[in-house]
Every structure is written in structure tokens, then in C-alpha cells.
Amino acid sequence: MAEPAPDVLQRSDEGKITSKPAKKRWRPQWSAGVALVPAMTITIVCFYGFIIWTFVISLTRSRLLPVYKFTGFDQYVRLFANERWWTAMQNLAIHGFLFIGGCVVFGYLLAILIDRGVKAEGMFRTVFMLPLSMSFIVTGVIWQWVMNPGLGLQEAVRALGWTGFEFNWIVRPDRSIYTLAIAGIWQQVGLCMALFLAGLRNIDPNIWKASRVDGIPVWRVYLHIVTPMLRTVFFTVFILMSAIVMKAFDLVVALTGGGPGFSSDLPARFVVDHILNRQELGLGAAGAFVLLCTVIAVISPYIYYELKKERSGRGH
Amino acid sequence: MRYNRLALYGLLGLAAIMIMAPVFIMISTSVKSMDEIRDGSIFTLPADPSFAAWSKAWLGDCSQTLGEKCGGLSSSFMTSVQIVIPALILSVGLGAVTGYSLAVWKMKGANLMFAALLVGMFIPPQVTLYPLIIMIRELGIFGSIPGLILVHVIWGVAFTTMMFRNFFKTVPQDLLKAARIDGAGFWALFWHVMLPLSLPILGVAMILQFTYIWNDFLLGLTFGGRSGQPMTVALNNLVGSQFGEKEYNVDMAATMLTALPTLAVYLLSGRLFVRGIAAGAVKG
């Protein structure tokens, strides 16, 4: 570890060469400050500055181009009177519940199965995490084909002999939102499994020894001892999956295109559609801002927790 | 006990089959003919595998040309490569330097800035999309590859900074002190001590950034225009186009082609991918 040190000694006395009066000597801290400029600019301008800018646009009556004629909260009034927006928000709730719930349940079950000590563990893990490397667009296109009512799963199962089998959710306005959860869980369940598995591996083996001595059945150990111990992992998984749900745009576009009609629309798609295609910049900006507020409401406990952990971690 | 083991492997096998089935269906559909697709089911194996659909997806169909392009994915593949490589190097490089400055050189406000950056990772891209469009347009690089590279660097820097900053925080203080006493300045410490130490995390950041940038759709759709169309956007257009009869084998071959680079990186990198994906999952 200390090997590079002599090398450093030879090459790094630029401070001495340039040393004039000690006061004006260039300090490495200043270099560090300079090195932070690009990232700081991006953070201040492109993150926070642009959020404010979007908020300002949402207070105007901008349509195709930003027009800075302020109309107060009119766009928000229009937004909340917009039926498509409410469909999208309702879909966000349905999709969020199913997707996060499905990822947590199936991810945890897979992690427990793998944690029981199986051969070829690496192979199973590789398989379960494979969809993660693919884009939401690829996922959406694959599942659109699998769920194709004419040639996909429905026909394939009927061909096997179950002629009454029905699985045409992707073309049914009352069911299309559920197809998003299916494709989403398929893609993200591996990540949840990996996080839960890491948590399970951190559990003190003595707990297992003790419970075996006491003769407690395995499922009860998981339910009453291990699961409560993993509550921070559950929390992390919940936050990560929520972040994915609220940004979900690609998957809807590729899988259902928001349809039939707007039956599977999500807020992220509503916003992009209104900003890019519908010349409703002000309304789109208002939608974006509401979306941001939703994200903040869900994420802030997590950020708070992370920073607190960091602060207490530095104590010792 | 033996039945338990059997059930265990049974359940895991079933889950593995359910995860792999759509991938299998994609591959097998892509090597079937359209007649076979119409007559058979998605589960049947291809009777006479052919890569005709692959070549059509890659090169396009030049008998129905619209303009000089044949509509294949090969040109957007090149676009994606031209976007990914510079964006990858710039975003990882900037993240390494920023993470190093924040972690090692204790400056006032470093933690505040890190927190601000961390929050930035959660911001849905839709919220800053329009101002970003204006900025890129004012810079004169809208609808071009340089514009997309810049946007990817902007969106990637929070994640890469977080990876490096958290790693550099774990470097023993004694090592840093020793290097400082030996007279190492800012860049010397970075190049000769910190960067060599961070090779594993560098690998993780590269793999993850590659995957994110390659898989991006929203930024490519918004900022790419016609000349900077990455592969995901081209795939979505191809599958969504309503001209003529739908060729599912070509769609699936195109999907496979789009998925292959990240799939290959995943299978080759193994554990590094797994290590990074958990850290970077917050990024959409």
C-alpha cells in the first residue's frame, strides 16, 4: 500500500520549485477547489438552477416556447383538472404498489432460497440478474411480443390445449397497467434479490446455530428473527424501487405506449409528452414539478437516514 | 430433508426458467421465418434457424429505401458507440477527480456539496429536461452527438462522484498523511496514490456507466435529433413503425442486437456489475 510513496517524493516537489514568498505559494487545497468547479457548476446550474427554471415556467402560460407572462398557479389548476393526469397518477399508485410489492416479495424469496446453500449459486444469481443489464426499451419490446394477444403467450397456451385461456391484458384498457408491473418485476427482481442476499449474508451465524439448538423451524426464524433484522435492507429496496417507478418512462413507451388510449399512462410520460410533443410547456412543467415533489416526499427520509449514518459513522 | 432440497432446487429452477423464457423467446423468434411465427407458438423451437432477420435488422431493407438509408440499426449502433465512449471516459474521469477532491481534501462545504449532488441523483430527468434543451440549443450542439455526450456527462457525474467519493473515504488516513509529508500535491496524490488504489471501483463505474448510457432512451430521444439517434431510440422507432406487415422476427433480432453489448459486458464482468448496480440503482 505504501509503495507509491517514494515515487511521489521524486515527482511532486513542484511546490518547492515555484516557491517564492511563502504567502503566495499555490496550495493543493486550491487545486482541489478548482477541480470541483465542473461538478459544482453542474450541480448548481443543471440540477438546482434548472429545477427553479422549470418551476418558473410552470407559473407561466408557455405553450410551444417559454413565455414569461405569469399566470400564478393556473397551470396547476389545469393540471389537476386534467383527466389524463389523474389517470397517470392513479396508474403510478397501482404500478408502484404492484411493482415494488412484487420486487420485494419475489426478490426476498429468491434470496432466501439461494441463502439455503445451493450448488451452482453463481449460475442462479447470474440468471436472476441478467435482465438488469438490458434496457427498459428492450424489456418493453420483448414483453410486448410475449404478451401479443394474437401470436404470443395467449395463443401458445391455447395451442397446448387450454383453449379458453385468456391473456390479452396488453390490449385491454382496464388491465394494461398490470402488464407494466409484470415486465418491471421481471427486470428488477434480480437487483432486489442481490440486496436481500447481501443482507442475509451479514446475519450473525450464531443466530442460526442458536435457533437450531432450540429447535425453531427454519421458516419461523426467517419470519420472526431474520426479517426484522433486515429492516434497513427492506427500506433501501423500497426507496430504490420507488425511484425507478417515479421515473418510469421508457418501459411504458416501449411496452404499451401508454395505451390503449391513455389507460397505462404514467406521470413521467405525461410530462415528456406535453413538453416535447403537445406544445404545452407550462402544463408539462407543472406536471414535472408535482412529480418532483412526490419524489422528494418519498426520498427525503432516505437521504436523511444516509447522512445521519454517515455522521455517526465518522464518530469513531 | 431430501424432499426439502428437491423443493428448493425445484423452485429455483422454476424461477430461472421464468426469467430466461422471455430471453429464449426473443432469440428463437429472431431466427424463425414469419410463416413459422404465424403457424407455430412462441415456445416452439425454430425448425429451420436462419439469420435473415438479423441481417435485415442490422442492414435494413434496401428494397424499400426512404432516402439513402435502408433503415437498419447499424448506423445507430455506430452513433451509440460514438456517444458511449467519450461520455463514459468524461463522466468517469470527472467523477473520479470530484470524488477525490471531496473525500481527501477536507474543504468547507464539501459535505454539503456531496449531499446536494446525492439528491441530484434522485431528480427525475423530466424535471430539468426543458431548461437543458435550451442550454444545449444555445451551445449549438442540439441534435448532435457532442450534445448527447455533454448531457450524459451532466447526468452521470452524480453517480460516478458518489462511487469514487465513498471509496476514497475508506483509504487510510495514514497513507494520505505519508504522501502529504513526502510532498505530494493535489495531482500527484491523485495519479500516483489514489487512482492506482481505485482500479476496482474504476472498473465498476465504467461498467455501470456503459450500461446506463447504452440503455438510455429519454436523453437520446430528446437530444439526439435525426443525426444523433442512439440504438434504443432506433429500436423503438423500428418496432413502433406502422409501415407494411409487422415482422416480429426482425423486431426481435433488432432487440437482441440492441441488448447484446450490455449483455456481453454483464456476462464478462460478473461480480463487478453486481457490486456497482446496488450502489447505482437510484439512478433511473
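Cut-off values and rules
Residues numbered from 1 in each chain as written. Chains lettered and ligands numbered in written order. Predicted model: local features only at pLDDT ≥ 70, side-chain atom pairs only at ≥ 80, totals over all residues. Helix = DSSP H or I, 4+ residues; strand = E, 2+ residues; numbered from the N terminus. Buried ≥ 20, exposed ≤ 12 C-beta atoms within 10 Å, placed from the backbone. Contact = placed C-beta atoms within 7 Å. Nonpolar A, V, L, I, M, F, W, Y, C, P; charged D, E, K, R; others polar. Axes fitted to C-alpha atoms, helices over the stretch in contact; angles between N-to-C directions. Parallel < 35°, antiparallel > 145°, perpendicular 65-115°, else oblique. Left-handed = near helix turned anticlockwise from the far one by under 90°.

**Points about the overall build of chain B**
Broken down by element type, chain B carries 14 helices and zero strands. Each of the three principal axes of chain B carries a C-alpha extent, and together these read 75 × 70 × 30 Å. Out of the 284 residues belonging to chain B, those deemed buried represent 53%. Partitioning the intrachain contacts of chain B with sequence separation of at least 6 by distance along the chain shows that 75% fall at a separation of at least 24.

**Comments concerning the interface of chain B and chain A**
Taken together, the contacts link 82 residues of chain B with 87 residues of chain A. Looking at which element gives the most residues to the side of chain B that touches chain A, the answer is helix α1 (residues 2–30) of chain B, with 13 residues. Considered class by class, the residues forming the side of chain B that touches chain A number 59 nonpolar, 20 polar and three charged.

**Comments concerning helix α15 (residues 267–277) of chain A**
Within α15 of chain A, nine of the eleven residues are buried, which leaves the element mostly enclosed by the surrounding structure. For α15 of chain A, the set of buried residues is Pro267, Ala268, Arg269, Phe270, Val271, Val272, Asp273, His274 and Ile275 of chain A.

**Digging into the packing of helix α10 (residues 176–201) of chain A against helix α13 (residues 231–247) of chain A**
Residues and elements named next belong to chain A. It is the contact of α10 with α13, at a shortest axis distance of 10 Å, that shows an interaxial angle of 160°. Of the possible angle classes, the one that applies to α10 and α13 is roughly antiparallel. As for how α10 packs across α13, the hand of that crossing is right-handed. Touching Gln188, Cys192, Leu195, Phe196 and Gly199 of α10 are Val233, Thr236, Val237, Met241 and Ile244, all from α13. Looking at the contact of α10 with α13 residue by residue, the classes come out as seven nonpolar, three polar and no charged.

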